[in-house]
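Listed below are the residues making up each chain.
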Amino acid sequence: QVQLVESGGGLVQPGGSLRLSCAASGSILTIYSMAWYRQAPGKQRELVAIITGGGSTNYADSVKGRFTISRDNAKNTVYLQMNSLKPEDTAVYYCNADLVNHRVGPASYNYWGQGTQVTVSS
């Protein structure tokens with residue numbers, strides 16, 4: 001009954017910016033953490049950024065200073081602001097969340113979004 005819906009991907013030139021959004025929909029939720037992962041063709045999926053329920057954040061070294069993760073608890077939404085994009089940032093970006101659906105019960109579960117393509121190229 002919970003779905004993570006991503007948006008904001010696309011084609012951008014090197015040095016440009018994009019903002020990805022991921023909204024958790026479908027029920028009354030408590031979101032403990034939300035994260036962004038990415039996977040380039042032929043590569044392993046890697047953690048890009050994570051934000052906890054308390055607002056603490058952590059970033060992969062490759063994106064520190066360029067990417068910012070944030071959340072809007074009222075909207076059950078996490079964002080990834082990506083600035084100074086590089087060709088090596090090209091990947092499918094996936095939203096991930098640990099959350100509780102209170103209409104089902106008290107247990108937390110992990111969910112993945114469908115992915116959104118980010119391509120950085122001239």
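It should be emphasised that the depicted structure is a prediction, and the values quoted were computed from it without experimental measurement.

About the criteria used
Residues numbered from 1 in each chain as written. Predicted model: local features only at pLDDT ≥ 70, side-chain atom pairs only at ≥ 80, totals over all residues. Heavy atoms only, no water. Helix = DSSP H or I, 4+ residues; strand = E, 2+ residues; numbered from the N terminus. Rg over C-alpha atoms; globule rule 2.2 N^0.38 Å. Buried < 20%, exposed > 50% of the residue type's maximum accessible area, 1.4 Å probe, protein only. Contact = heavy atoms within 4.5 Å. Areas by Shrake-Rupley, 256 points an atom, 1.4 Å probe, with all protein chains shown as cover. Lys, Arg positive; Asp, Glu negative; His and termini not counted. Charge placed at Lys NZ, Arg CZ, Asp CG, Glu CD. Pairing = 2+ DSSP bridges.

Asker: Where do I start with the overall build of the protein chain in this structure?
Answerer: Counting secondary structure elements, the protein chain contains zero helices and 11 strands. Ordered by position in the sequence, the α and β elements of the protein chain form the string β-β-β-β-β-β-β-β-β-β-β. A compact globule built from 122 residues would reach a C-alpha radius of gyration of about 14 Å, and the protein chain, at 14 Å, matches this within 12%. The dimensions of the protein chain, computed from C-alpha atoms along their principal axes, are 50 × 25 × 25 Å. Burial statistics for the protein chain: of 122 residues in total, 41% are counted as buried. When contacts within the protein chain are restricted to residue pairs at least 6 apart in sequence, those whose partners lie at least 24 apart make up 57%. Only carbon and sulfur atoms are counted for the fraction: they give 47% of the accessible area of the protein chain, which is about 6400 Å². For the protein chain, the separation between the mean place of its 10 positive charges and that of its 7 negative charges on side chains is 3 Å.

Asker: Would you mind going over the pairing of strand β7 (residues 67–72) with me for this structure?
Answerer: Walk down a regular strand and you will see the side chains alternate between the two sheet faces. Going residue by residue along β7, you find F67, I69 and R71 tucked away on one face and T68, S70 and D72 left uncovered on the opposite face. Strand direction decides the pairing type here: β7 and strand β8 (residues 77–82), joined by six bridges, are antiparallel. Within the sheet, the bridge partner assigned to I69 lies in β8 and is L80. Here β7 folds back onto β8, and the loop between the two strands holds four residues, one of which, N76, carries a positive phi near 50°.

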